[in-house]
Amino acid sequence: MKITRITAWEVPLTSHDTYYMAEGKTCDTTVSVVVRLDTDTGASGWGEVCPIPHYLPAYAKGVAPALEEMAPVLIGANPVGPEALMERLNKHLIGHGYAKSAIDTALWDLTAQAAGLPLHALLGGRAVADIPLYHSITCIAPDEMAHMARDAFDQGMRQFQVKLGADNNWEADVARLIQVREAVGDGPLVYGDWNCGSDTLTATRVGRAVSHLDIMLEQPCATIEECAHVRAATGLPMKLDESACDIHSVLAGHRAGCMDAAALKLSKMGGLSTMRQIRDLCLSLGTQMCIEDTWGSDVTTAASLHLAASTPARGIMNTCDLSHYVKPRLDPNAPSRRNGRIAPPEGPGLGVTPDADALDQPVTIID
Ligand code: 0XW
Ligand code: MG
């Protein structure tokens, strides 16, 4: 099998509720880049990457030029066995993991289609029937956030990510955590995510004000050292997200003792090929994993679901149905949440095919 053409579309995804995070980071309408690799056998593989503005070293407009740069390695290459081709690609273009993640997903899609197997069969085999979801709550007024949590609880959700810091009001952050905790009752997992937007003093004050509650903190500050400081000062468990971005930083987070949980995101880690190595490392380290992507719709959600479904239950904390938060749906037949859980698509490969109507005109065609 040979890759004959690379096509990319830019699809604006609009959040159902504008999504506010610390430091003015917002998801209102964000551009997702959808990539298709065509081959000489007629099979096509799909990938997607949707960087959130100002969130990670990634931007949507960077994907198309990176595809041009990678094309000489990709066109004519055999997509089967993605790791070998990704190794060559990584030598040809250093970094740019977010752009590579869309290519990597498409290579895995083609490889699994060629094998006639669902993608999770190649990523370790089906370990769980379905995966628990978390519900992410935009940083707005505490009582509105508590309502959103209760609504999601009533629909079966049992894990809640409470966004903090958007209004630089630490007492409001305390209220957010207390009110969401109360709204969902004892038992569900509740964690507060600053997306790097706090300092150690503020995060410690918030954490100590809720330290009598069952609460986890997520990435309060930009560095592993600061997060470790907050964990030690508050005694609360800690999830790392932005600063756990590759094998070395995951090991550093573990050594610093502040990685009870970690967010594994496809575009942050450069795609499934790298992320499955990090998944296996986290399994060995005993870190609870959230397997997801930064943002996006059905293609990147499906890729995350295949990796999550091939991860033993002891390591998987949750996943995210990103396509639930935005419109349009790229593939209306792709999996949706049911009673707080979700399963990967059935059938060979990734198991999703974006609708031509959702894609419109391509921005890049390389052959
Ligand atoms: C990446 N987000 C902003 C969107 C996902 O829903 C989770 C969240 C995060 O930073 O953890
Ligand atoms: Mg986060």
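Further up the page is the structure itself.
Structure report, in brief. (Residues numbered from 1 in each chain as written. Chains lettered and ligands numbered in written order. Predicted model: local features only at pLDDT ≥ 70, side-chain atom pairs only at ≥ 80, totals over all residues. Heavy atoms only, no water.)

### What about the overall build of the protein?
Working step 1: When you go through the protein residue by residue, the secondary structure sums to 13 helices and 15 strands.
Working step 2: Projecting the C-alpha coordinates of the protein onto the three principal axes gives extents of approximately 60 × 40 × 35 Å.
Working step 3: Put simply, the protein has 367 residues, and 59% of those count as buried.
Working step 4: Put simply, 70% of the contacts in the protein that link residues at least 6 apart link residues at least 24 apart.
Working step 5: Surface accessibility of the protein: about 13,600 Å² in total, with carbon and sulfur atoms responsible for 50%.
Working step 6: Computed over 29 positive and 44 negative side-chain charges, the separation of the two mean positions in the protein equals 5 Å. (Helix = DSSP H or I, 4+ residues; strand = E, 2+ residues; numbered from the N terminus. Buried < 20%, exposed > 50% of the residue type's maximum accessible area, 1.4 Å probe, protein only. Contact = heavy atoms within 4.5 Å. Areas by Shrake-Rupley, 256 points an atom, 1.4 Å probe, with all protein chains shown as cover. Lys, Arg positive; Asp, Glu negative; His and termini not counted. Charge placed at Lys NZ, Arg CZ, Asp CG, Glu CD.)

### Re the state of the cysteines
Working step 1: Evaluated as defined, the whole model comprises zero disulfides.
Working step 2: Free of any disulfide, C27 has its nearest neighbouring cysteine sulfur in C50, separated by 7.3 Å.
Working step 3: Sulfur of C139: no disulfide; nearest cysteine sulfur belongs to C27 and is 13 Å away. (Disulfide = S-S within 2.5 Å.)

### Regarding the site of ligand 1
Working step 1: Taken together, 16 residues are adjacent to ligand 1, and Y55, Y134, Q161, K163 and N195 come closest.
Working step 2: In this structure, an oxygen atom belonging to ligand 1 sits 3.0 Å away from a side-chain N or O atom of K163.
Working step 3: Within the side chain of D241, a nitrogen or oxygen atom sits 3.1 Å from an oxygen atom of ligand 1.
Working step 4: Protein chains shield 100% of the accessible area of ligand 1, which is 300 Å² for the free molecule.
Working step 5: The residue inventory of the shell around ligand 1, partitioned by class, reads seven nonpolar, four polar and five charged.
Working step 6: No fewer than three residues from each of domain 1 (3-118 + 354-366) and domain 2 (121-342) sit in the shell around ligand 1. (Near = heavy atom within 4 Å. Polar contact = N/O pair within 3.5 Å; in protein donor to acceptor, adjacent residues only side chain to side chain. Nonpolar A, V, L, I, M, F, W, Y, C, P; charged D, E, K, R; others polar. Domains from an automatic or database assignment.)

### Digging into the sheet that holds strand β12 (residues 316-319)
Working step 1: Pairing is parallel across the open sheet formed by eight strands, whose spatial order is β5-β6-β7-β8-β9-β10-β11-β12. The open sheet is flanked by β5 (135-137) and β12, the only strands paired with a single partner. Each adjacent strand pair in this sheet contributes to an overall mean axis angle of 25 degrees, direction not counted.
Working step 2: Note that β5 and strand β6 (residues 159-163) share three bridges and pair parallel. Counterpart to S136 in the pairing with β6 is Q161. (Pairing = 2+ DSSP bridges. Axes fitted to C-alpha atoms, helices over the stretch in contact; angles between N-to-C directions.)

### As for unusual backbone geometry
Working step 1: The omega torsion across K327 and P328 is 0 degrees, close enough to zero to call that bond cis.
Working step 2: With phi around 35 degrees, Q219 is a residue other than glycine that occupies positive phi space.
Working step 3: Note on placement: Q219 falls in the loop between β8 (216-218) and α8 (224-234).

### Comments concerning the coordination of the magnesium ion (ligand 2)
Working step 1: At this site the magnesium ion (ligand 2) is bound by D193 (OD), E218 (OE) and D241 (OD), with donor distances of 2.0 to 2.3 Å.
Working step 2: Accessibility expressed as a relative area gives 0% for E218, which makes it buried. (Donors = N, O, S within 2.8 Å, 3.2 Å for Na, K, Ca; no water.)

### Some words on the nonpolar core
Working step 1: Counting residues in hydrophobic clusters, the biggest one holds 90 residues, and the most contacted among them are F160, L264 and W295.
Working step 2: Ranked by the residues each element gives to this core, the list is headed by helix α12 (residues 298-309), at seven residues.
Working step 3: Both domain 1 (3-118 + 354-366) and domain 2 (121-342) contribute no fewer than three residues apiece to this core.
Working step 4: Excluding residues that lie within four positions of it along the chain, W295 makes contacts with S15, Y19, C27, T30, C50, I52, T300, L322, Y325 and V326.
Working step 5: Judged by nonpolar contacts, the second largest core, of 30 residues, contains I6, V35, L37 and A43. (Core = buried A, V, L, I, M, F, W, Y, C linked by side-chain atoms within 4.5 Å.)

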